[in-house]
Structure formats: C-alpha cells, structure tokens
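# Survey of secondary and tertiary structure
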Number of protein chains: 2
Amino acid sequence: MELGLRGACGPAEPGPCLHSLPGEEQATWALSPGAAEAEPERRAPAVAAVLPAGGSGERMGVPTPKQFCPILERPLISYTLQALERVCWIKDIVVAVTGENMEAMNTIIQRYQHKRISVVEAGVTRHRSIFNGLKALAEDQPSSKLSKPEVVIIHDAVRPFVDEDVLLEVVTAAKEHGAAGAIRPLVSTVISPSSDGCLDHSLERARHRASEMPQAFQFDVIYEAYQRCSDYDLEFGTECLQLALKYCHIKAKLVEGSPDLWKVTYKRDLYAAESIIKEKISQHICVVVDTKENEEHVGGLLEKTLKNELNHVKVTSGALCHIDRDLQQNILQQCYSFVCVNVMTSDFQETHKLLKMLKESNLSSLYPVVVISVHFLDYKSEPFGEKMENLMQIRKFAKEVRKRNILLCGLLIYYPQDKQKLQESLKQAATIIASLIRERNSALTGQLLVA
Amino acid sequence: MELGLRGACGPAEPGPCLHSLPGEEQATWALSPGAAEAEPERRAPAVAAVLPAGGSGERMGVPTPKQFCPILERPLISYTLQALERVCWIKDIVVAVTGENMEAMNTIIQRYQHKRISVVEAGVTRHRSIFNGLKALAEDQPSSKLSKPEVVIIHDAVRPFVDEDVLLEVVTAAKEHGAAGAIRPLVSTVISPSSDGCLDHSLERARHRASEMPQAFQFDVIYEAYQRCSDYDLEFGTECLQLALKYCHIKAKLVEGSPDLWKVTYKRDLYAAESIIKEKISQHICVVVDTKENEEHVGGLLEKTLKNELNHVKVTSGALCHIDRDLQQNILQQCYSFVCVNVMTSDFQETHKLLKMLKESNLSSLYPVVVISVHFLDYKSEPFGEKMENLMQIRKFAKEVRKRNILLCGLLIYYPQDKQKLQESLKQAATIIASLIRERNSALTGQLLVA
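Only a predicted model underlies this, so the values are computations on that prediction, with no experimental measurement involved.

Taken together, the contact pairs 71 residues of chain A with 71 residues of chain B. Taken over both partners, the interface formed by chain A and chain B buries close to 6200 Å², and the fraction arising from carbon and sulfur atoms is 55%. Of all residues in chain A, the largest losses of buried area upon contact with chain B belong to L199, R268 and Y271 of chain A, amounting jointly to 11% of the total for that side. Taken together, chain A and chain B are joined by 4 salt bridges. K251 of chain A is paired through a salt bridge with D200 of chain B; the nearest N and O atoms lie 3.9 Å apart. Take the side of chain A that touches chain B: its biggest share by element is 7 residues, from helix 10 (residues 267-280) of chain A. Grouping the amino acids of the side of chain A that touches chain B by side-chain chemistry returns 32 nonpolar, 19 polar and 20 charged. Direction of pairing for strand 8 (residues 189-193) of chain A relative to strand 10 (residues 209-218) of chain B: antiparallel, over a ladder of 3 bridges.

Below, the discussion takes up the relation of the copies chain A and chain B. Here the two chain copies are tied together by a rotation about an axis and a shift along that axis. The two copies are related by a screw motion: chain A maps onto chain B through a turn of 180° and a shift of 0.0 Å along the axis, at an RMSD of 0.1 Å. Taken together, the rotation and translation relating the two chain copies correspond to the operation of a two-fold axis. Judged by C-alpha distance, G385 of chain A is the residue of chain A that lies nearest the rotation axis, at 2.0 Å. Here 100% of the interface residues in chain A have copies in chain B that are interface residues too; the copies meet face to matching face.

Here we come to the nonpolar core. With 172 residues, the main nonpolar core has I90, V95 and F338 of chain A together with I90, V95 and F338 of chain B as its most contacted residues. Formed by 58 residues, the second largest nonpolar core is a distinct cluster that contains L310, I432 and L444 of chain A together with I432 of chain B.

The next thing to look at is the packing of aromatic side chains. Enumeration over the complete set of coordinates arrives at 20 aromatic pairs over all chains. Relative to F397 of chain B, the ring of F348 of chain B lies with its centre 5.1 Å away and its plane at 75°, an arrangement referred to as edge-to-face. Here F397 of chain B lies in helix 15 (residues 394-402) and F348 of chain B lies in the loop between strand 14 (337-342) and helix 13 (349-361), a separation of 49 residues in the sequence. Under the relative-accessibility criterion, F348 of chain B is labelled buried at 5%. Among the aromatic residues, those joined into a ring-pair cluster are F131, F219, Y223 and Y226 of chain A. Taking the ring centre of F131 of chain A as reference, the NZ or CZ of K135 of chain A above it sits at 4.3 Å.

Let us now look at the packing of helix 7 (residues 219-228) of chain A against helix 9 (residues 240-248) of chain A. When two helices pack together, their arrangement is captured by the angle between the axes and the distance separating the axes. Residue and element names in this part refer to chain A. Between helix 7 and helix 9, the least distance of the axes is 9 Å, while the angle of their chain directions is 80°. Of the possible angle classes, the one that applies to helix 7 and helix 9 is roughly perpendicular. Along its contact with helix 7, which presents V221, I222, E224, A225, Y226 and R228, the element helix 9 presents C240, L243, A244, Y247 and C248. Within the contact of helix 7 with helix 9, the residues separate by chemical class into 9 nonpolar, no polar and 2 charged.

What follows deals with the environment of K307 of chain B. Take K307 of chain B: it is sitting in helix 11 (residues 298-309). We classify K307 of chain B as partly exposed; its relative accessible area is 43%.

Our focus in this paragraph is the state of the cysteines. The final tally for this structure, using the stated rule, is 0 disulfides over all chains. C248 of chain B carries a free sulfur, and the closest cysteine sulfur to it, the one in C229 of chain B, is 9.9 Å from it.

Okay, the pattern of salt bridges next. Residue and element names in this part refer to chain B. Under the criterion given, the structure shown has 36 salt bridges over all chains. In this structure, K387 and D347 form a salt bridge, with 3.8 Å as the shortest nitrogen-oxygen distance. Of this pair, K387 sits in helix 14 (residues 384-391) while D347 sits in the loop between strand 14 and helix 13, and the two are 40 residues apart along the sequence. Residue class for K387 comes out buried when judged on its relative accessible area of 8%.

The rolling of a water-molecule-sized probe over the atoms marks out the regions of remaining empty space. Inspection of every chain in the model, using the stated rule, returns 3 cavities of 30 Å³ or more. Within this model, the largest cavity holds a volume of roughly 660 Å³. Elements with a minimum of two residues in the lining of the largest cavity: strand 7 (179-185), strand 10 (209-218) and helix 10 of chain A together with strand 7 (179-185), strand 10 and helix 10 (267-280) of chain B. Taken together, the residues that form the lining of the largest cavity break down as 18 nonpolar, 6 polar and 11 charged.

All names here are of chain A. Of the residues in chain A, 88% have a pLDDT of 70 or more, and the chain-wide mean is 87. Of the regions scoring below 50 in pLDDT, residues 1-12 engages in 39 contacts with residues more than four places distant in sequence or in other chains. The low-confidence segment residues 20-41 (pLDDT under 50) makes 36 contacts with residues lying over four places distant or belonging to another chain. Taken over the whole predicted complex, pTM reads 0.90, whereas the ipTM for its chain interfaces reads 0.89.

Residues and elements named next belong to chain B. Within the secondary structure, G299 is located in helix 11. Residue classification places G299 among the buried residues on the basis of a relative accessible area of 0%. Spatially, the C-alpha atoms of G299 and V339 are 9.8 Å apart, while their sequence positions differ by 40 residues.

Here we come to the side chain of S192 of chain B. Relative to the assigned elements, S192 of chain B resides in strand 8 (residues 189-193). Once residues lying within four places of it in the same chain are set aside, the contact partners of S192 of chain B are R207 and H208 of chain A together with C198, L199, D200 and H201 of chain B.

Residue and element names in this part refer to chain A. Strand order in this open sheet of 6 strands is 13-12-14-15-16-17, and the pairing throughout is parallel. Only two strands of the sheet have a single neighbouring strand rather than two, namely strand 13 (314-319) and strand 17 (448-450). Adjacent strand axes in the sheet meet at a mean angle of 25°, parallel and antiparallel pairs treated alike. Alignment of strand 12 (residues 284-289) against strand 14 (residues 337-342), held across 4 bridges, turns out to be parallel. The residue of strand 14 that forms the bridge with V287 is V339. Here helix 16 (residues 419-439) sits on the sheet and contacts strand 12, strand 14, strand 15 (369-377), strand 16 (406-414) and strand 17; the angle it forms with strand 16, its principal contact strand, is near 170°.

Definitions and cut-offs
Residues numbered from 1 in each chain as written. Chains lettered and ligands numbered in written order. Predicted model: local features only at pLDDT ≥ 70, side-chain atom pairs only at ≥ 80, totals over all residues. Heavy atoms only, no water. Contact = heavy atoms within 4.5 Å. Buried area = accessible area lost by both parts, 1.4 Å probe. Salt bridge = Lys/Arg side-chain N within 4 Å of Asp/Glu carboxyl O. Helix = DSSP H or I, 4+ residues; strand = E, 2+ residues; numbered from the N terminus. Nonpolar A, V, L, I, M, F, W, Y, C, P; charged D, E, K, R; others polar. Pairing = 2+ DSSP bridges. Least-squares fit on C-alpha atoms with pLDDT ≥ 70 in both. Core = buried A, V, L, I, M, F, W, Y, C linked by side-chain atoms within 4.5 Å. Buried < 20%, exposed > 50% of the residue type's maximum accessible area, 1.4 Å probe, protein only. Phe/Tyr/Trp six-rings, centres within 6.5 Å; stacked < 30°, edge-to-face > 60°. Lys NZ or Arg CZ within 6 Å of the ring centre and 35° of its normal. Axes fitted to C-alpha atoms, helices over the stretch in contact; angles between N-to-C directions. Parallel < 35°, antiparallel > 145°, perpendicular 65-115°, else oblique. Disulfide = S-S within 2.5 Å. 1 Å grid on protein atoms, 1.4 Å probe; cavity = no way out; pocket = protein on both sides within 12 Å on 5 of 7 lines; lining within 4 Å. Points joined across faces, edges and corners; volume = space filled by probe spheres on them. pLDDT = per-residue confidence, 0-100.

This is the structure in structure tokens:
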C-alpha cells in the first residue's frame, strides 16, 4: 500500500501547503491579500529556486560541510529541499554543490525522493555558485535544460525552516519591484573597526537590518546583474540585493522575516535545528486502541490522561480493525508518533498490525517514527516477572523495524484497582510517552519501560 | 562530608580555573603572554563585573524573561553567574534586575549558593540598568557599599558560556586602552533600509563586526561616560563602547571572541544552550566497580567497551571500598555521570554506597547527576523474570534521590558465555549508557533497561 504521502502539493513537513498550482490564479495568490487587492488580475509568475550549497562550513568546527551534517540521521540540506519542494508553485530547484559532493547530493535526492531538483557544480564563492545556478535556468546557455522562470528565489541550503508565506511574500514583491529580500532586526550592535583594531564608530542598531534569505528577483534582473558584475564582486561580495542595485539600479523591497529564517552556522545551530525538528514532529500523537468502546476502557483513560497532561500536543485516536479510515487519515496527515494500546488482544497483536501498516506507508522515510507499544499489568491475573519476560520479545520486533526508521519501545502500565493509584500510573505513563516521543532516542528502541 | 566543591578558585563548571588571585602578580597575569612581556611589572587591577538583567525577553516568545528561563531546571542567569564566579579575580558581581524579579533573583543566589553577588534595581533600558550597577560600585554614591574597582567588566546575563580567557583579555586591554570589547565576524550582511522599506545600501561584511560581550572599562572612564551622556543615549543607545568614545574620547580595543560568546535571544538559543550544557557535563564518565581486580572482571570489560565506543569521553574508574580516594577525587573534579557496577555484592549494595556519597557531596546542586546502576544476568543462576522483579526496587530508590537532582536508572546486561555475544551485549550497554548520560532525561529515572 503506497499512501502517496508526497503528491504534487502534499506537505512533506507537518503543516498545510497553503497554495495551489501557480496557473490557478485565485487559489495561488488569493492568500496574499494586499497584493491581490491592488492588482487583482495579475498572472502568477513561473518561479524557480537556486540554492547555493558549495560552502565548506569552516565556522562549524566539524569536517563535514554544515549543509551535509545529519539531523535525526538525515542531512540538513534535505530538510531545506523538503521545505522548498512542498511549495508546489516552485517549478524547479537548482542546487549548486562542489564536484566532490556531487555524488553525495545525488544520493540524498534519491534516498529522500526529492523532486524537481537539478544539481549544478558550485563555484569557489557563493556568488559564483549562484551564477552557475542561474545559468542552468537561462535560455541563452547551450547547456540549459530547464525553462527560464519569470521570478527566481535564492535561498540558502542551511536555512531549513523557511515557510511558504515568506517565499510568497518575496516572490510577490520581486515581481513588482524587481528584487526583494527577507530582513531581520540586528541581534548585536554593528561596529566598524579602525586599522589598528580599535573602535572607529558604531552603527545605530535601529537604522540597520540583517539581510537574510530567501530573496527573490525577476530572473532577467538578477541574471543581468551577475553577467555584468566584476570579478571582485564575484569573489568578495556577499549580497545579491547589492548586485541588483549596483548593476541594474533596482532597489530591492525588504520584507520582515520571522526568526525561523536563521542560518545554521555554528555547531550550536545544529543542536537548535535538531530540537526544533523534534518539536515539530512531536506535536501530534495518535493513540491506536484495539477496541471501539472507548470511554470506560483503559486505553480511553490513557488517552484522556495524555490530553490532560500534554498541552500543546494534539492527541487523536483510532482503532485498527480492518485498517480504520480515520487512522489512515492520521497517517496521511503525517503524524510521526503512535501509542498503540494492547488490551483486548494478545500481547503484541495490535502493535504488529500498526507496524505492518507503517512499514507499507513509507511514512518513516523522512523522519523517525516512534511507536510505543502499551500493555497493562493486572497483578491478579499474571505475575510481574512472567509478564515482563513475555514482553521482552519486543526487543526482536524493535530490531527489525529499526532498519525502517521506526523506533519501537514497550511500556507496561500498572493497573491497580485503586483509582488514585491508577491515575498516578497513567500520569507517569504520559510523562514517559511524552519524553520518548520528544527525544526520539534510537538507543532506547526495544526497551520495556514501566509506569 | 562536605567536599567543598566551590572554594575560592574551584571551577564551578567543568574545566580548570586558570588564574590565581589578582594580587598574585605572576600567577594571575602570566598567561597573557603579549601583555606580560610588554609590561612585566604592572599590577593586577581590582576588577568587578556588572550584569544588566532587566530585559523582558520579548524576542523569545515566552512569558518568562529569557535570563530566568530554566535549562536543566536551573535559570539561565545562574549559569552566567557561575561562569563569572569561577574567575576568582573578579571581586564583586553586580546584577541589575527589575523590582518584580528581585525576590526571584535572591532566591536563585541562595539556592545555587552564588557568591560575591550584589543585586541592584534595573532601569527601564539596558543603559540605565548598567548605570545603576556602576553607581553601586562608585565611591561618590551614598548608598555604595562595595569598593570601587579599577576595571569593570560589563557582561550580559544571557551569555552563559563566557570563559576566563576572554575576560582576562578584555580586562587587560581595558587597563591599557581605557575600554575594550569582544567582537565577532558578522553572520549576515548588514543593510540600511530607506524610509519606503527598500534597500538603500548594504555594508561590506568584511569591514564590519558584531559587537558582543564581555566588555571592560577603566571604571572612571565608563562611569564618567554614563554621568555625562544624554537621556537620548540612555533611552535608545545600545553600545557602551560608543559612550566611552563619545564622552571620554576613548577608542576601545577590540578583541576577537570565540563563537561561545553568543547571546541567548530566541527560543532556539535555549535549545542550543541546553544541548551545549548537556554535552559539557557528559564529557567524563566515572565507572564505579565493587572490586579492585579489574582486568578479567565483567566490570572491567564494560569499562573497556565504554572507552572503545565513546570517543571524546573520558572514562575513569574507582572502587568504593572504604570510600576510595581516587573516586573522591573524581567527584571533586566534578564528574556528573556515574556507572555503578554491582557484581560481587548483593543487588544494590554498591549503588547505595555511591548514592550516599553523592548525596553528602552536594555535587548535584548545580547539575543533575546521572547514576546508572549496572547488573549482570547469568541465565544459569537466576531466571530473567525473577531478576527483573528484584531489580524493580530501583523505582523506589530513584524516586527518593530524584529530589536531590540525582537521576538513577538501572541497566541489566545479559552475560552469555559466548564471547562474541557478550561483546554485543556490552556494546549495546555502552550505547544505552552514552544516551542516558547525554540526554539526562528525568522521565526515565527508575527505569530498568536491558542490554
């Protein structure tokens, strides 16, 4: 069963893809209200993106260039590609990588099934890499296989959290003004040193901004700017907006971006990126129960406790009998965290059904999927040691699904008659579940925890 | 047994305190080679620090001001105080907090036993807060209880990773030049917008720097600058170096700082800070064994595997018999991660001894201490279920020590006769141990994991 999670406009990351195809005027641009009112009949432009990814990442202090550093075992650049790819009106994405990383890049594209990507060779500087990307899109180049877009987005491989809103904003502004770029307030005051290493003057912080990415340009503008600019610019320049200004007299429109646009530069940024990604994919927990009678059922109680204890997390539930439609819908909506309650059926029956479904869905190709197999211990019916011993089979199942990027853990919940004690058990279970889902720690697969 | 971990010059954080008292000429300043050669007989100045901490943290997107946000359950500002406090030649640290946070600040100082701290009321802007801090150190103020330093460091409450080297550098440079500050290369290009929200011009990145903290000043220079500066400066200014330039004509010496000087500004920075702190306190694992015959012993094998598998981590070992001196030394050197091997003695005997010692040492007052109680399962002598049931007592012990900020987990390692299988068990054990130590996840206390 291929669920086809990543269709034309399907979100590759949690959150909806806001817009439809660029040809579909209303749907595509309607959500940019100001622009739509001002110019209701304008045509959606053909849009491509260029992603310079030739950097060596020397500031990171690690041998791997930062765009190839793994986050949850997947290279950073793949997250950025995913963020661009889910915007269905971006027709082509051109990535510039150095010759030595060409093969690695192609492997990434294949492995994570990235679409609409072309790879070109990076230059020795950022500007030269961007220029190479633009050449691949230009019609005057004999080697160009892509069609020339009206507007081109330039983005960084190491800014994975770009969202569709800001992309739409810069593209809309670029169509109107010729060039546009995201900016952010300065975090530190900027100063100008004198040649002897002393302070010459400091800049007023309120009157300056940090120039971030994405930026967008009318293709003809930026391509002309790159064709006309000097070797010095290509070698030492850092700002595409400046090239458009200097060589085409285009004053770029500046768009206030969100803090999410930050660039992964240092090792600490990798830590931050990992935490943000973990948080994003842990916002939705699906509780799978092996019965439909929810209310009085202990699975229902656990679900209620999860809802009470985990604010900010969406908790939904479904039964697996005959592969339930709601649950399929949950998987289609890209939930990466499952709590599978085995009560009515034998020890792992429900968990096996869920694992089978997950394996077939391909859901875990982009993110590790957490499955917590929940079991209850009623003292009266089975001794603790024996129950534990039975449940230790989970080690074997976990090892098998680990290869598929599924992290399976067991959770045995004490089920005392005393209502208050049961509540305590369930609360502790919720804490453990939240933590397993939040941390996505592969070292804990196959473990049987007790609440 | 009070081990007195945080004596006059004892490191409160992993890593040595490089320098001795400021009166001790050679020891204090010898490590700043250039300066020492140029001026071999100069006197070490009296140094104090001012820490403005009155910000509301609105950029963080959380209601708590960022300096009070918890990292591993301890407020961020406490880490910064700890970083300054461990530099024994800083005589006084003046913190400026708003009236409403005064009580919280005093509680933090008491709870984490911060020394040499005075609290003053913050002003409504950063400059006003710093001015209040300086007034507390000035002799001309009737309320001043502290003695006027020769050099004053100004630092941010939200830059916890400042180290002694850079503090020494800015203080040395300030003594010579009157003012000095740490700078960093710009991460983004800085631009100047025009009034219509378009690009006016962009600044050449290579010719500008980000002004970071710490900064240092001859006290008389910066105090005079604050006394003479305008209300506009106090209200809208952001740069102390600029005040020294404008009002005292002092051109500050700029000192290249390390990436560690970054300022916790956004939520992602809290994630990064937490990861960095976790990494720092996980660099050293102490393996506690209940026998001295190490080589052929299974505890010795585990230690060897840990050493092989965990590069970058220092693994030391010691026995607890009669509270071993080496182990005490380890605790004194501030190791926050213990693997306690119970082989020769009854189930938890060795773990209990270690826990008792840790509780008495006060080691866990600043960071959560991880203790992993390791046990071996020999199939022949005891059935698995029974062993598990016995070891589940760990839940009770874990709950008790959790209150003391000690995170206790159990780890049961299969001990097959087959050498290769044993090696696999030990390798998995090493992975689990590394992960428990790295994550310091309080939700897992009391769990019994199996390798």
